[in-house]
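Reading the structure
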Amino acid sequence: MRVLGIETSCDETAASVVALDGTAAPEILSNIVLSQIEEHAAFGGVVPEIAARAHVEALDGIVEAALADSSVSLDEVDAIAATAGPGLVGGLIVGLMTAKAIAAAAGKPLIAINHLEGHALTARLTDGLDFPYLLLLVSGGHTQIVAVRGVGDYQRWATTIDDALGEAFDKTAKMLGLPYPGGPNVEKAATSGDPRRFAFPRPMKGSAQPDFSFSGLKTAVRQAATAIAPLSDQDVADICASFQAAVADALGDRVGRALARFRQEFPGQAKPALVVAGGVAANRTIKATLETLCSEAGFAFIAPPQKLCTDNAAMIAWAGIERLRAGIADENTADFVPRSRWPLDSVSAPLVGSGRRGAKA
Ligand code: KG4
Ligand code: ZN
């Protein structure tokens with residue numbers, strides 16, 4: 001089975017070919033990701049119109065490169081899988097329409113993929129993980145804990161009631177005058193900072209409601225920064241370190257709760273697994289916190305390689321293979337319309353006022 005994947009839901013234009021032969025481990029034959037960071041940096045965040053135009057300009061070449069790199073011709077591909085949501089609708093239209101055109105011209109089936117499903121199934125591509133497992137998705141647009149029970153069978157256990165975690169990093173960076181994207185720059189500044197200088201709140205810590213919240217923390221950072229302005233480099237470093245410590249602590253509390261619930265709901269597993277996905281999973285302080293938490297709770301901690309944790313098309317191609325293999329690919333066909341919002345779990349009700357209006361997934 002060979003699937004061409006296309007991803008354009010935010011600011012990466014990506015295409016990939018993934019293959020699965022019999023019972024052998026799946027193989028990523030090509031994985032091309034063009035980041036638009038430079039185009040958006042001047043604006044301190046992703047500008048939807050610029051993103052859509054950049055996708056239009058780049059996508060043909062990226063698809064061609066992905067096919068060339070994989071040494072697989074379009075004829076040899078079994079299906080085209082494209083991200084159809086959630087995300088910025090301009091980019092989604094570009095990716096999905098291109099995929100539909102390629103599929104129609106080549107006489108191949110089209111599979112419309114939920115971007116979040118791509119993140120959710122990546123650990124099966126990289127680590128051959130069996131169902132069920134627990135997923136922590138921490139990106140610029142999402143902060144969710146999901147019980148991954150099977151292909152197309154996801155249960156959201158927690159989500160953010162306000163900002164996504166990556167968004168909190170990005171906004172904190174912006175407040176402190178650090179460049180976009182904020183996450184890596186906050187982490188870098190934090191290495192020379194004192195995590196105990198500012199006692200920032202740990203939102204939701206100890207709450208019986210399983211969800212996340214980060215906007216109060218962001219406000220606390222703003223107040224602390226305003227109170228001591230103008231900020232020296234050391235002040236910035238201390239704020240970043242204290243912010244990161246608060247985030248790691250709050251996250252650890254929320255995830256710890258979910259691990260306990262997973263044990264209760266899936267008692268048969270001797271060593272269950274927690275998988276992390278999303279750009280924020282690159283953060284070493286957060287990773288270390290989760291690693292310790294997992295080892296104390298007897299969970300395996302699985303962090304796929306960074307380039308498969310952040311947005312890419314290999315995860316979309318792989319989700320296409322999973323759907324083909326499970327026989328559930330034909331519900332998402334050529335008449336599929338892009339969805340800027342598309343919850344992975346259609347059963348759990350959305351939280352009031354929650355979720356992203358726009359940008360990253
Ligand atoms: O998964 P991703 O590349 O894109 C989507 O959101 O889909 O995640 C990007 C987010 C940004 O908010 C970025 O600031 C954050 O991940 N990020 C980090 C780090 N690297 C990226 N946050 C904290 N620490 C990092 N090292
Ligand atoms: Zn993503």
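Everything quoted here is computed from the prediction, not taken from an experiment.

Thresholds applied
Residues numbered from 1 in each chain as written. Chains lettered and ligands numbered in written order. Predicted model: local features only at pLDDT ≥ 70, side-chain atom pairs only at ≥ 80, totals over all residues. Heavy atoms only, no water. Buried < 20%, exposed > 50% of the residue type's maximum accessible area, 1.4 Å probe, protein only. Helix = DSSP H or I, 4+ residues; strand = E, 2+ residues; numbered from the N terminus. Contact = heavy atoms within 4.5 Å. Pairing = 2+ DSSP bridges. Axes fitted to C-alpha atoms, helices over the stretch in contact; angles between N-to-C directions. UniProt positions renumbered as here; feature names shortened; annotations may be inferred. Polar contact = N/O pair within 3.5 Å; in protein donor to acceptor, adjacent residues only side chain to side chain.

**Focus on helix α5 (residues 165-175)**
- Within the span of α5, buried status applies to Leu165, Gly166, Glu167, Ala168, Phe169, Thr172 and Ala173.
- Check the buried side of α5 and you find it contacts β6 (133-138), β7 (143-150), α6 (182-190), α7 (215-228), α8 (233-265) and α9 (284-297).
- Where α5 ends, the next residue or the one after it, Gly177, has phi of about 80°, a positive value.

**A look at the sheet that holds β7**
- With mixed pairing, the five strands of this open sheet are ordered in space as β8-β7-β6-β9-β10. Where the open sheet ends on each side, the last strands, each with one partner, are β8 (153-158) and β10 (300-302). Between one strand axis and the next, the sheet turns by 25° as a mean value, whatever way the strands run.
- By the bridge criterion, three bridges tie strand β9 (residues 273-277) to β10 in an arrangement that is parallel. Each residue of the ladder has a partner; that of Ala273, found in β10, is Ala300.
- Taken strand by strand, helix α4 (residues 115-127) contacts β6, β7, β8, β9 and β10, and its axis lies near 125° from that of β6.
- Lying on the sheet, α9 is in contact with β6, β9 and β10; it crosses β10 at an angle near 155°.

**Some points on the UniProt feature "binding site: Fe cation" (unreviewed entry) in the protein**
- According to UniProt, the feature "binding site: Fe cation" (unreviewed entry) maps to His115, His119 and Asp311 in the numbering used here. Over a stretch of 197 residues, the named residues converge on one spot in the fold, their C-alpha atoms separated by at most 8.8 Å.
- In this fold, His115 is placed in helix α4.
- Since its relative accessible area comes to 0%, His115 is described here as buried.
- Reaching out from His115, the side chain makes a polar contact with the side chain of Glu7 at a distance of 2.9 Å.
- By relative accessible area, His119 is classed as buried at 1%.

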